[in-house]
Amino acid sequence: MPTFPSFDGLELTYHISGEGPPIVCLAGGPGRASAYLSGITAGLPGSTVIRLDNRGTGQSATPDDPATYRAAASVHDVEALMRHLDYERPVLLAHSSAANTAMLYALRHPHRVSHLILVAPSSRLVGIDVKDFHEALLLRTHEEWYLQARQAIDGWVGSSTMAESLPYRVPAAPFYYGRWDEAARTHAESEPEQISLAAAEGFYEGFDFDAASLRTALRQLPVPVLVITGELDPFPTPSTGERLAAVFPHGKSFVQPSGGHFPWLDDPSVLAEAIHDHLKSGGAA
């Protein structure tokens, strides 16, 4: 796999697939290797897809300084990758917690990206909470797995650290997929081996940004933004995604029908069409 040195000399790995205009993809978790994101290529046809293994995850090296796992520091890793790739204003796509990194990067380097695509994004950076989490869980009461998964997700929510939450994550996983089929099970069961606990806990360490100031700054962002949420995703819910999209002057929200937290698994063709339409239209709301 190709590598590059980041701002502190740490060797980071990235993965390339497909052909066409480049889309740089940031994995979430936080602290999860980008392998879980590999299937998104099916939702990005006609593109060169670049997936970054965040520091300490996948095939990227582990830093000596845990402070470099922090969200603010992750921006420097993205810039190092962009300089290494030397693409002219690629699309930047971020999933889940990586949306925080992507928003920080776009604010710092608005002329380095052509479009920003936030898939099932965390909006913690801008102080937007998920207000209808429990209501979203109730949408799945008819599922045969509901009671067992509900106990697990309640345990997850009640955990105070990432380490405490790990035993609950796979049992609670059905809530995060539009269909709890074999593909979803395989994807969910890969999470424990793909998670770096140090990277996961380090990402949100010292996460004390001024949300109001960042919202004000993002209202001036000259970049088209597409916020994608799944209709059935409890975190973030579609209403959360709509509130995030409204922060940007050129923001647009798309809700994937019957989708979950990983919409490329639920229906890559629907995801592909939404992204294609956004890029073709220039992303205007």
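That block above? That's the structure.
My aim in this report is to walk through the structure given alongside it, one point at a time. Since the structure is predicted, the reported quantities are computational estimates derived from the model, not experimental observations.

### Focus: the overall build of the protein
Helix and strand content of the protein: twelve helices and eight strands. Here the C-alpha radius of gyration of the protein, 18 Å, is about what a compact globule of 285 residues would show, namely 19 Å. Along the first, second and third principal axes, the C-alpha atoms of the protein reach 50 × 45 × 40 Å. Relative to its 285 residues, the protein shows a buried fraction of 55%. Intrachain contacts of the protein at a sequence separation of at least 6 include 74% that bridge at least 24 residues. Total accessible area computed for the protein in this model is approximately 12100 Å², and 52% of it derives from carbon and sulfur atoms. With 20 positive and 33 negative side-chain charges, the protein shows a spacing of 6 Å between the two charge centroids.

### Notes on the environment of Ala71
With respect to the helices and strands, the residue Ala71 is situated in helix H1 (residues 71–85). Residue classification places Ala71 among the buried residues on the basis of a relative accessible area of 1%. Considered as a pair, Ala71 and Gly9 are 62 residues apart in the sequence and their alpha carbons are 18 Å apart. The contacts of Ala71, once residues within four sequence positions are left out, are Thr101, Leu104, Phe203, Phe207 and Phe209.

### Some details on helix H9 (residues 211–218)
Where H9 is concerned, the buried positions are Ala211, Leu214 and Leu218. Projected down its long axis, H9 shows its buried positions confined to an angular sector of 60°, all on one face. The N-cap residue of H9 is Asp210: its side-chain oxygen and the backbone nitrogen of Ala212 are 3.3 Å apart.

### Notes on the nonpolar core
Counting 42 residues, the largest nonpolar core has Leu26, Leu92 and Leu118 as its most contacted members. Of all hydrophobic cores here, the second largest spans 34 residues; its members include Tyr36, Ile117, Phe133 and Ala152.

### With respect to the sheet that holds strand E7 (residues 225–230)
Within the open sheet, the eight strands sit side by side as E1-E2-E4-E3-E5-E6-E7-E8. Their pairing is mixed. The open sheet has two free edges, formed respectively by strand E1 (3–5) and strand E8 (251–256), since each of these has just one partner strand. Here the strands of the sheet are splayed against their neighbours by 25° on average, with no regard to which way each runs. Alignment of strand E2 (residues 11–17) against strand E4 (residues 48–52), held across four bridges, turns out to be antiparallel. For Ser17, the partnering residue across the bridge sits in E4 and is Val49. Against the sheet, helix H10 (residues 238–245) touches strand E6 (116–119), E7 and E8, its axis set at about 165° to E8. Strands in contact with helix H12 (residues 268–281) are strand E5 (91–95), E6, E7 and E8; relative to E7, the strand with the most contacts, it is inclined by about 165°.

### Considering the layout of surface pockets
In this structure, the largest pocket encloses a volume near 1100 Å³. Surrounding the largest pocket, 40 residues form its lining, Gly29, Pro30, Trp156, Arg169 and Phe235 being those nearest its centre. Tallying contributions element by element places helix H5 (residues 162–172) first for the lining of the largest pocket, with four residues. When the residues that make up the lining of the largest pocket are grouped by side-chain class, the tally is 21 nonpolar, 13 polar and six charged.

### Some thoughts on the packing of aromatic side chains
Across all of its chains, the model carries 13 aromatic pairs by this definition. Ring centres of Phe203 and Tyr204 lie 5.0 Å apart, and the angle between their planes is 80°; this geometry places the pair in the edge-to-face category. Members of the aromatic cluster, joined through ring pairs, are Tyr36, Tyr177, Trp180, Phe262 and Trp264. The lysine or arginine in question, Arg124, covers the ring of Tyr204, its NZ or CZ lying 4.2 Å from the ring centre.

### Overview of empty space enclosed by the protein
A probe matching the size of a water molecule, rolled over the atoms, marks out where space remains unfilled. Going through the model one piece at a time under the given rule, you end up with one cavity of 30 Å³ or more. Computed from the structure, the largest cavity encloses a volume of approximately 180 Å³. Surrounding the largest cavity, 17 residues form its lining, Asn54, Tyr69, Ser74, Thr101 and Phe203 being those nearest its centre. Put simply, the parts of the chain that give the lining of the largest cavity at least two residues each are H1, helix H2 (98–108) and helix H8 (197–203). For the lining of the largest cavity, the element with the highest residue contribution is H1, accounting for three residues. Within the lining of the largest cavity, the residues separate by chemical class into eight nonpolar, seven polar and two charged.

### Remarks on H12
With 14 residues, H12 should cover 20 Å at 1.5 Å per step; its first-to-last C-alpha distance of 20 Å lies within 8% of that length. Restricting attention to buried positions, one finds in H12 the residues Leu271, Ala272, Ala274, Ile275 and His278. Each buried residue of H12 sits inside an arc of 165° when the element is viewed along its axis, so together they form one side. In H12, the exposed positions that point more than 90 degrees away from the buried face belong to Glu273 and Lys280. Residues of H12 that are buried make contact with E5, E6, E7, E8 and helix H11 (263–266).

Cut-offs and rules
Along each chain, residue indices are assigned from 1 in the same order as the chain's sequence is written. Only residues with pLDDT of at least 70 get local features here, since the model is predicted, and only at 80 or more are side-chain atom pairs given and counted; chain-wide, interface and lining totals rely on the full set of residues. Each side-chain value is derived from all of the structure's non-hydrogen atoms; neither hydrogens nor water enter the calculation. Numbering goes from the N terminus for both helices and strands, where a helix is a DSSP run of H or I of at least four residues and a strand is a run of E of at least two. Each radius of gyration is computed over the set of C-alpha atoms, and the globule rule expresses the reference value as 2.2 Å times the number of residues to the power 0.38. Each residue is assigned to one of three classes by its accessible area relative to the maximum for its type, calculated with a 1.4 Å probe on protein chains only: buried under 20%, partly exposed between the two thresholds, exposed over 50%. When checking whether two residues touch, look at their non-hydrogen atoms; a contact exists if any pair is within 4.5 Å. Using a 1.4 Å probe, the Shrake-Rupley method yields the accessible areas, and only the shown protein chains count as cover for residues. Counting rule applied: Lys, Arg positive; Asp, Glu negative; His and chain ends not counted. Note on charges: their place is set at NZ of Lys, CZ of Arg, CG of Asp or CD of Glu. This arc corresponds to the set of directions leading from the helix axis out to the C-beta atoms. The definition of a polar contact used here is a pair of N or O atoms within 3.5 Å, where within protein one atom must be able to donate a hydrogen and the other to accept one, and adjacent residues in sequence count solely through side-chain atom pairs. As used here, the term nonpolar core means buried Ala, Val, Leu, Ile, Met, Phe, Trp, Tyr and Cys residues forming a set that is joined through side-chain atoms within 4.5 Å. Two strands qualify as a pair provided DSSP detects at least 2 bridges between them. Axis lines are fitted to C-alpha atoms, over the contacting stretch for helices. Their N-to-C directions set the angle, which ranges from 0 to 180 degrees. Both cavities and pockets are sets of points on a 1 Å grid over the protein atoms alone; in a cavity a 1.4 Å probe fits but cannot get out, in a pocket the set is open with protein on both sides within 12 Å along at least five of seven lines, and lining residues sit with an atom within 4 Å of a point. Grid points are joined across faces, edges and corners, and a volume is the space filled by probe spheres set on the points. By the convention adopted, Pro, Cys, Tyr, Trp, Phe, Met, Ile, Leu, Val and Ala count as nonpolar, Lys, Arg, Asp and Glu as charged, and the other residues, Gly among them, as polar. Two rings belonging to Phe, Tyr or Trp (six-membered ring only in the last case) form a pair when the distance between their centres is within 6.5 Å. Interplanar angles under 30 degrees mark stacking, angles over 60 mark edge-to-face geometry, and anything in between is tilted. By definition here, charges over rings are those cases where NZ of Lys or CZ of Arg is within 6 Å of the ring centre and within 35 degrees of the ring normal. Multiplying one less than the number of residues by 1.5 Å gives the expected span of a helix.

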